[in-house]
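Given next are the chains, with one letter for each unit.
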Amino acid sequence: MKYNYVQAPLPFQGQKRRFLKPFRKALEGFPADAIYVDLFGGSGLLSHTVKQMFPDAKVIYNDFDGYSHRLENVDKTNALLSDIREICTKEPRKERISDSLSNEIIGRMSKEQGFIDWVTISSSLLFSMNYVTSFDQLKKEKFYNKVRLSPYTVEGYLEGVDRVKKDYRDLFAEYRKYKNVVFLVDPPYLSTDCSTYSRPDYWKLSDYLNVLKTIEDTSYFYFTSNKSQIIELCDWMELNGYARNPFEGSTTVEIATSLTHNASYTDIMTYKYND
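Residues numbered from 1 in each chain as written. Predicted model: local features only at pLDDT ≥ 70, side-chain atom pairs only at ≥ 80, totals over all residues. Heavy atoms only, no water.

*Asks:* Could you clarify how one ought to interpret the environment of Arg-70 in this entry?
*Replies:* Structurally, Arg-70 is set in helix H3 (residues 67-72). Since its relative accessible area comes to 8%, Arg-70 is described here as buried. It is 6.3 Å that separates the C-alpha atoms of Arg-70 and Asp-117, two residues lying 47 residues apart in sequence. In this structure, Arg-70 is in contact with Leu-10, Pro-11, Phe-12, Phe-115, Asp-117, Val-119 and Thr-120, ignoring residues within four places of it in sequence. (Helix = DSSP H or I, 4+ residues; strand = E, 2+ residues; numbered from the N terminus. Buried < 20%, exposed > 50% of the residue type's maximum accessible area, 1.4 Å probe, protein only. Contact = heavy atoms within 4.5 Å.)

*Asks:* Just to check I follow, could you spell out the nonpolar core for this structure?
*Replies:* As a rule of thumb, nonpolar side chains are buried together in soluble globular proteins. Counting 54 residues, the largest nonpolar core has Tyr-36 and Phe-221 as the members making the most contacts within it. Broken down by element, the residue count for this core peaks at six residues, all from helix H4 (residues 74-88). Among all residues touching Tyr-36, those that are not within four sequence positions of it are Leu-27, Phe-30, Pro-31, Val-50, Phe-54, Ala-57, Lys-58, Val-59, Ile-60, Val-182 and Leu-184. The next biggest cluster of nonpolar side chains, apart from the first, holds 23 residues, and it includes Phe-40, Leu-171, Tyr-175 and Ile-230. (Core = buried A, V, L, I, M, F, W, Y, C linked by side-chain atoms within 4.5 Å.)

*Asks:* Would you mind going over the packing of H4 against helix H5 (residues 99-110) with me for this structure?
*Replies:* Relative orientation and spacing of two packed helices are given, respectively, by the angle between their axes and the distance between those axes. Close contact between H4 and H5 brings their axes to 10 Å; oriented N to C, the two are set at 160 degrees. Here H4 lies roughly antiparallel to H5, going by the angle between them. The interaxial crossing formed by H4 with H5 has right-handed handedness. Residue-level inspection shows Leu-80, Asp-83, Ile-84, Ile-87 and Cys-88 of H4 in contact with H5, the latter providing Leu-101, Glu-104, Ile-105, Arg-108 and Met-109. Partitioned by chemical class, the residues of the contact of H4 with H5 number seven nonpolar, no polar and three charged. (Axes fitted to C-alpha atoms, helices over the stretch in contact; angles between N-to-C directions. Parallel < 35°, antiparallel > 145°, perpendicular 65-115°, else oblique. Left-handed = near helix turned anticlockwise from the far one by under 90°. Nonpolar A, V, L, I, M, F, W, Y, C, P; charged D, E, K, R; others polar.)

*Asks:* Hey, could you run me through the pairing of strand S5 (residues 219-225) in this one?
*Replies:* Looking along a regular strand, one sees the side chains alternate between the two faces of the sheet. Most of S5 is tucked away, with seven of its seven residues classed as buried. Burial along S5 is two-sided: Ser-219, Phe-221, Phe-223 and Ser-225 facing one way and Tyr-220, Tyr-222 and Thr-224 facing the other are all buried. Note: strand S4 (residues 181-185) against S5, four bridges, orientation parallel. From the neighbouring strand, Leu-184 faces S5, where its bridge partner is Phe-221. (Pairing = 2+ DSSP bridges.)

*Asks:* Just to check I follow, could you spell out a negative patch on the surface for this structure?
*Replies:* Together, Glu-232, Asp-235, Glu-238 and Glu-248 line one region of the surface with negative charge. Note on placement: Glu-232 falls in helix H10 (residues 230-239). What makes Glu-232 exposed here is its relative accessible area of 54%. (Patch = residues over 30% accessible without salt bridge, like charges linked within 9 Å, V, L, I, M, F, W, Y side chains within 5 Å. Areas by Shrake-Rupley, 256 points an atom, 1.4 Å probe, with all protein chains shown as cover. Salt bridge = Lys/Arg side-chain N within 4 Å of Asp/Glu carboxyl O. Lys, Arg positive; Asp, Glu negative; His and termini not counted. Charge placed at Lys NZ, Arg CZ, Asp CG, Glu CD.)

As structure tokens, then:
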């Protein structure tokens with residue numbers, strides 16, 4: 001059965017929904033029966049898209065950030081959001097929530113036992129694209145009446161996808177020996193907030209550069225942005241004779257992204273199929 005999600009079903013920082021159209025188009029030039037290894041699985045949107053487009057492909061999703069655990073607990077998340085939604089009916093939608101109502105919401109959440117999806121809950125209460133990862137963080141924030149009006153649906157999202165949780169280097173070492181393998185490489189961007197990732201301190205410059213080893217002489221999709229200037233750096237290193245350019249022979253797609261009326265950056269997808 002087809003489940004064509006155009007974005008991840010639960011909020012996730014840095015998901016690739018804006019690249020889905022060019023990603024699908026580029027996939028047409030890749031084998032339908034390959035092994036696709038999503039080294040930095042994130043929200044799983046790339047893995048989902050590959051599996052829906054190529055049902056016979058083996059897709060390995062590296063759930064390093066525990067996104068599938070959030071999917072498995074979506075009923076609990078929906079129940080909590082339903083109660084918060086009911087509380088929020090007391091004040092105008094999309095407006096700043098009063099302190100008294102905020103305290104009522106906090107009181108409701110304090111009664112919750114076990115797992116709480118803080119990213120999803122905070123996305124319904126905080127100003128646009130702001131997330132927290134704990135109750136202590138959330139209590140310090142100002143709330144807005146923007147709770148999602150319908151329950152989240154995750155049915156079939158990762159159906160047929162093999163899930164693992166490994167250091168990307170170990171996963172790459174495990175599959176690089178295969179001939180018919182394509183690596184999906186979407187590391188956290190440099191100069192980007194990584195606070196909701198499982199290891200926000202993980203991505204120093206040397207770590208980011210080490211990721212380039214996964215695209216040397218492999219078939220791959222690699223995602224970055226012009227804020228990292230990684231492609232420019234590799235071009236310069238090659239031009240000046242310091243190193244071989246790992247992006248040689250690849251195809252690049254760029255998408256302009258506006259943050260505000262005077263702030264923007266460019267998302268980049270580069271890919272190559274080594275037959």
